[in-house]
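# Inside the fold
Residues per chain, in single letters:
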Number of protein chains: 4
Amino acid sequence: MFGDHPHEECGVFGIYAPGEDVARLTFFGLYALQHRGQESAGIAVSDGKKVNAHKQMGLVSQAFDEQSLEPLKGHIGIGHTRYSTTGSSLIANAQPYTMESYLGPLALAHNGNLTNATDLRTMVLKRGVGLTSTSDSEVATMVLLGGEGPNWGDRIDHFMNCAEGAYCLTILTKDALYAVRDPLGLRPLCLGKLGDSGWVVASESCALSTIGADWVRDIEPGEAIMIDGDGPHTIARHPAPRSALCLFEYIYFARPDSMLQNQLIHSVRMELGRELARESSVNADVVMGVPDSAIPAAIGYAQESRLPYTEGLIKNRYIGRTFIQPDDRIRKQGVKLKFNPLTSTLAGKRVILVDDSIVRGNTSGPIVRLLREAGAAEVHVRVSSPPIRHPCFMGVDMATYPELIAHRMDVPEIQDYIQADSLAYLSYEGLLRATGRDPNSFCGACFTGKYPIPNFNPKARDEIKLVFEES
Amino acid sequence: MFGDHPHEECGVFGIYAPGEDVARLTFFGLYALQHRGQESAGIAVSDGKKVNAHKQMGLVSQAFDEQSLEPLKGHIGIGHTRYSTTGSSLIANAQPYTMESYLGPLALAHNGNLTNATDLRTMVLKRGVGLTSTSDSEVATMVLLGGEGPNWGDRIDHFMNCAEGAYCLTILTKDALYAVRDPLGLRPLCLGKLGDSGWVVASESCALSTIGADWVRDIEPGEAIMIDGDGPHTIARHPAPRSALCLFEYIYFARPDSMLQNQLIHSVRMELGRELARESSVNADVVMGVPDSAIPAAIGYAQESRLPYTEGLIKNRYIGRTFIQPDDRIRKQGVKLKFNPLTSTLAGKRVILVDDSIVRGNTSGPIVRLLREAGAAEVHVRVSSPPIRHPCFMGVDMATYPELIAHRMDVPEIQDYIQADSLAYLSYEGLLRATGRDPNSFCGACFTGKYPIPNFNPKARDEIKLVFEES
Amino acid sequence: MFGDHPHEECGVFGIYAPGEDVARLTFFGLYALQHRGQESAGIAVSDGKKVNAHKQMGLVSQAFDEQSLEPLKGHIGIGHTRYSTTGSSLIANAQPYTMESYLGPLALAHNGNLTNATDLRTMVLKRGVGLTSTSDSEVATMVLLGGEGPNWGDRIDHFMNCAEGAYCLTILTKDALYAVRDPLGLRPLCLGKLGDSGWVVASESCALSTIGADWVRDIEPGEAIMIDGDGPHTIARHPAPRSALCLFEYIYFARPDSMLQNQLIHSVRMELGRELARESSVNADVVMGVPDSAIPAAIGYAQESRLPYTEGLIKNRYIGRTFIQPDDRIRKQGVKLKFNPLTSTLAGKRVILVDDSIVRGNTSGPIVRLLREAGAAEVHVRVSSPPIRHPCFMGVDMATYPELIAHRMDVPEIQDYIQADSLAYLSYEGLLRATGRDPNSFCGACFTGKYPIPNFNPKARDEIKLVFEES
Amino acid sequence: MFGDHPHEECGVFGIYAPGEDVARLTFFGLYALQHRGQESAGIAVSDGKKVNAHKQMGLVSQAFDEQSLEPLKGHIGIGHTRYSTTGSSLIANAQPYTMESYLGPLALAHNGNLTNATDLRTMVLKRGVGLTSTSDSEVATMVLLGGEGPNWGDRIDHFMNCAEGAYCLTILTKDALYAVRDPLGLRPLCLGKLGDSGWVVASESCALSTIGADWVRDIEPGEAIMIDGDGPHTIARHPAPRSALCLFEYIYFARPDSMLQNQLIHSVRMELGRELARESSVNADVVMGVPDSAIPAAIGYAQESRLPYTEGLIKNRYIGRTFIQPDDRIRKQGVKLKFNPLTSTLAGKRVILVDDSIVRGNTSGPIVRLLREAGAAEVHVRVSSPPIRHPCFMGVDMATYPELIAHRMDVPEIQDYIQADSLAYLSYEGLLRATGRDPNSFCGACFTGKYPIPNFNPKARDEIKLVFEES
């Protein structure tokens, strides 16, 4: 209700582990990926003969109980957790997609967004396929099924030749687990080892450590692997000239305890704070962060600036999706439903407030006001990422051009709008520096407008029209 | 739990009626077709721009409330009610199937069974289509979508060229309603008129009268019609050399108040009883029927034989699907859970018990015993149809060869098995005579073993294997 | 939606049967009593130490599955099935009421209506008891708990001294089963034996035969029995000067296969038809009944008048509570949603239409019209009970004075109103004669206005006001 | 699954505010009190004539939607949120209790625990009242209803004379709101003002600020107030010789942004950390807290010890009640499901780990081990409360004697058990000092064993036996 963040569109998981209760392990893996999507969850499992699946709306913990887990017997499994879009939440959109195909049963889980989905959709419809949703994941599945060649490897290869944009797939067949990452590596996907003979793939390493698997490596951009009794082996490589990992995984999406490109996310976020402190210091008494996501950057900022770190806002832990509309009185309370200021730590203080990003800009102003009302003498806002000036079309629900405050206003105007005593964003160079990685290996299109897809038309995606609806 | 009847596999409905609340009329139409299927119900509606649909498990009255009906706005509608098979009841199997296709949105409802479903399935899978069930209706939809030609008429034509077996389809597109009946006319489908400008199609005429529409005619075997603003017009004709309407519609399936081939079903059933009385009279005191379906034949038998008609068994009206297993004590009670005998009308009497059919033969014996225990001096069983010796593969859940008692035993053996004082079935000729229609226009394969499909292989259907399952 | 019958307000059941699965037997007992109430069902069971209970809204088959039955272990059980009033259906009103009391746990199921409920309610509230419903059954429970004496027998005696009106109770304590019938015996209650050492009580004998128990006798009016390891023994007798069994049990309520006062209900109903034929014969071609309840009387009428019995109306078996409102078009169809006429058996015929009762009179007219439209030349209505001129206050939801058509009109006016060619009701004397029992042992207050309760004030019941509501 | 905290047993709320949508305000008030109980939530509202209520299992946000809020019209409201005990979670235990009584409708919400519940229960049962749960709140309601005197004030007075132990009640009648706090003031309850003419009472002030009400004062120990059109007025005073506010409200229960005794909870917690640093300093590199509750104390400790504060554990935000049992592999992962260590901030560091309390001691050891595995060189555990050596009987689900680790072991043994390099608890004196309030105004029985109830028998509570159960 009061968040102002971009939204990730899913988490995927896959496991090949003879002798293990793979459905249960997939459950706990999805549990660790819950932050990547809360709309629905699903698991598909193969025992070598038959594929069984269960999907349901809601959190992973709500979607599964022992009864629904019970029929999911086997040694190969995949799972999916889906982000809740503002539109209609339908079980039809829940994944993994499970289908009978010419090569046998198939289950597929997808994180990302195909930028040529409209073209692929038309191609698939022309072939005489009926689609039940506007989801590009269903299209992806049908493209895969429509590929040539006698085995799944050929069809995956075909799919990678057709598809553009962001995709991390885990695919389950009767006999094997496949993991596919798009040529640009826009979304993360990593490989882990479980015990002696088990293998795991997941969007983030936190899902590996939760089930006791060890991180091995990232799946390479443009790489497709197959895992069977012989372990993982690369079956296709479609490398792009350069990779383009989404910078927001470092800034906000990934869990702080996940490893990405061999670095702990939490450490990078602290470094973002330190970099920010170096770039835009200010005289102040205390440093605080907007809970929970900006806390690491705030601690980093405090360390670098040698100012005391403190808590200034308490977040209501139980706030969640409520179906009750606030009336006028409550609406005036605004962000207070989510945050309460700590008067005793703020009164009379010059406060540095660290946030990780500003998307629409509708939350920052109320928080600044809240801190002032609680007695803060000055409020200096520091943002541990650059201004977001462009939408994302690669799997992140960011906002549209007119919604993005930094598309409409420059920094002094935003400072004015949110009534901060000062406002500074981290520079794009500072952001890249803080990652400690090759600056040419990222997608920063939301900051720079330079989309990593050649000849990309940002409008194409909107052309899919919903002509039927089921409830 | 204690029934011994063949089971119909669905009812279909369609309506084109500008200015009417077509979803509500479809609801009441399905309500009237409830006896053709109780597993699930669904409605799809088009307003010329968009198709909206709602499907749910359970009776029509359970599947819909005002809230679920509300979004179903439009002037064209189709509906489906599905028979509950003994296997898993899944929402995935509920109809109408609703899909986005190259020609726009489509909804399809199917009653029947394609005898070449396995071949069609392979054809569709080869084309790179993924299927989510083993249902031949999903295959039918994909065959339709994969047809050539620029419009729906062409594709329906193509479908009728590919499909073999029993099918009555109602099809909804954005702009029109289609109704299709297979060349043999195995299942019934009729056309009605609603007010000045509305048109209705339904499996049985009772659905027409329930909503105040007038019966116009049966859709011809092999005929496909399209209904739009210009009313109904035939768009394809694929007549078979002879038609083959299922005789069990007369014997048991259709509602007694439905019209079929311009005759009231109830009248035909009374005539079956009269014919039976003429063929196999016996000295007795009273005539009774097994409630509810055999009552008309019993009354006809009583009239013809000039014996008093009476009630001898009371049926528990509220018996329904229960999830509670009877224990041994209850199991011994057997048919008593469903039927209670009326001692005062039976005591000392020689009873003629009329039933409409015997499939497995597991109910007749217990009923005979029940009547004897209630004091009947003699029990003479008369069946208003011939012995069922062959399974059905055209949309009726009849039983398999080994399950059919008349496949394993001759009439004297069955008489012995059910411990009746005498047993007689209606002859096949008597059955045909009672219909009053051309004897060459029916399918009586379950009695004669002569299937109306050329080169028909009764085993083909069983080859579809379920290799994935979703819950 | 289209019924015009009085409504019963519950069925009760009780069982004491060491070694048996009493919860399962209670389930099947309630199943047989389903016609006495479809709103909710409940079962309470004691194993001698603890009482476990489960209650739920809906039909018996909906309220229980194996999971809910599983914890109900023990050798004593009671059950209740509740009638669905038009008002709010609340789980709070579901029975048995289960409570911890000073003498240990107690469960209570009630069929009937206390005519001094308002006084008892005030008495209970004064004592400092909080009530959660306006139900007289909750009041009855609290009156029972508030009685003096060291054991349940004393408290039941006390209750019978306080309570007025209709009540059949089955009561479960840790150690015993109790069954109580009011001094007038307004509602039925009978005792049966199950195997060697089990005992059963039930509102109707059909519940006994369903589970394989043998009918032993009716519980006497004013009798309370206790059943424990020593079998049943009478613990209290509060006989009224005369008994007053509700005549509508014979006419409509009880299942045709139940025994009451040692007679089969179905036989009495056929006799009502014969008596009616003797009282008011008419020249006609066929006799038919309104399905299902009037069929026995119609057959009796046909036998006595030597006219052929036939079916003229088909009832939609699946009609049930629907949440969908008919629109104008459907509303005009009226009773057609429930009944369809059989034109072929009616055309040109002079029809005698037998019904069992007319309450509000809103259904008879449409049915007469339906038969005429189907071609009937004449329609002569015969009712197998006298005109209902007074409401019931003893547990039957009959209607209020202004609603009762026979309170507002005399017979010729009603004949005119329903547009019958002739109309005749069974005389009160004929009704009593047909029962074959002592004419002074019945309550016929709805026909005569002579309520069997001394100094009875028909308005008292309405004074309970609902001042809180929970959802 | 992995928590080791005492558990609060409920939050209460009340509002009297003509012209406001009191149900909606109560909803948001309960929302702010969600941390005091997550099992069920309920609201009752009066409009001066009728009381309407809604209760449901689950979080406040799950228990209410616009549809369930809609009938709750009026100007007086109370609400309740209930703690989830490990035993059976039953809707029967959900509050407010709503009842019809001799003085009209009543709703009651209770936070606390009556120490003489067994005696009161017997008293109530003897009076002929039936109880439906073992809850002392139901007993409290019946004691209240059974009081003498013509009005609610008298009955509340009577109740306060009978009841012993902890109770904060909000009571709703048709015309007024009552708030009652036990003589010892064991649980908090405060009064707030809403706009010009509205009044609010709540367990904690965070519920006041959430809906925009201003904190006025705490309800005094032993005070009962009535709020009607004339505002709040004290109607009873039953002061104990000394008050006994539960110290755990400061340590753990209350939300950090709540005011208690005119102090911000967060400030007191930081002071607990500072006091702890003063009492038991140690050479170390960083200070971290167990998220989330121990963070304020950790920051206080860091400030006082002039050591850098850091995050060392990440808590899975989405962890919640799951129905899936971990298998052995997962179980070995233990606290990792809830916490993940941040290797980069821990590696090679001497870590001070601040926790707020240790109850059973089953979580501290695994966390210490987790930090070591993540590379911590030393782990020094500091607890911002004294050892818990005694159970609570005044409304906190603490644990039993044998479960309490500090009852079985002394501090060196616990240090050994959890394998910390050093372990220190805050002293009881230090705890009292940090509160800044009169040391004689608290209950610290769980630390000292000195229960504030005269002649208190800690065993009495366990004597209530559950002799019936409903599902």
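These lines cover the structure that appears in this document, whether it is placed above or below.

### Details of the relation of the copies chain B and chain C
Of the transformation superimposing chain B on chain C, the axial component is 0.0 Å and the angular component is 180 degrees, with the fit at an RMSD of 0.1 Å. The relationship between the two copies is best expressed as a two-fold rotation axis. Among all residues of chain B, the minimum C-alpha distance to the rotation axis is found for Tyr309 of chain B, at 3.8 Å. A share of 100% of interface residues in chain B that are also interface residues in chain C marks the association as one of identical surfaces.

### Describing the pairing of strand S2 (residues 11-16) of chain D
All names here are of chain D. Taking burial as the measure, the six residues of S2 include six buried ones, the bulk of the element. Here S2 shows two buried faces, one formed by Gly11, Phe13 and Ile15 and the other by Val12, Gly14 and Tyr16. Inspection of the sheet shows S2 paired to strand S5 (residues 76-82) by six bridges, in the antiparallel sense. By the bridge assignment for S5, Gly14 is matched with Ile78. Pairing geometry for S2 and strand S11 (residues 198-202), over four bridges, is antiparallel.

### Some points on the sheet that holds strand S24 (residues 422-425) of chain B
Residues and elements named next belong to chain B. Pairing in this open sheet of four strands is parallel, and the strands run S18-S21-S22-S24 from one edge to the other. Among the strands making up the open sheet, the edge pair consists of strand S18 (286-289) and S24. Adjacent strand axes in the sheet meet at a mean angle of 20 degrees when their direction is disregarded. As paired strands, strand S21 (residues 350-355) and strand S22 (residues 378-383) are joined by six bridges and run parallel to one another. Considered in S22, the bridge of Leu353 is made with Val381. Against the sheet, helix H10 (residues 295-305) engages S18, S21 and S22, with an angle of about 165 degrees to S18.

### A word on the interface of chain D and chain A
Between chain D and chain A, the contact holds 55 residues from the first and 54 residues from the second. If you list the elements that add at least two residues to the side of chain D that touches chain A, you get helix H1 (22-32), helix H3 (66-69), helix H7 (206-210), helix H9 (265-279), helix H10 (295-305), helix H11 (328-333) and helix H12 (343-346) of chain D.

What counts, and where the lines are drawn
Residues numbered from 1 in each chain as written. Chains lettered and ligands numbered in written order. Predicted model: local features only at pLDDT ≥ 70, side-chain atom pairs only at ≥ 80, totals over all residues. Least-squares fit on C-alpha atoms with pLDDT ≥ 70 in both. Contact = placed C-beta atoms within 7 Å. Buried ≥ 20, exposed ≤ 12 C-beta atoms within 10 Å, placed from the backbone. Helix = DSSP H or I, 4+ residues; strand = E, 2+ residues; numbered from the N terminus. Pairing = 2+ DSSP bridges. Axes fitted to C-alpha atoms, helices over the stretch in contact; angles between N-to-C directions.

Function cannot be read off these values alone, since they describe shape.
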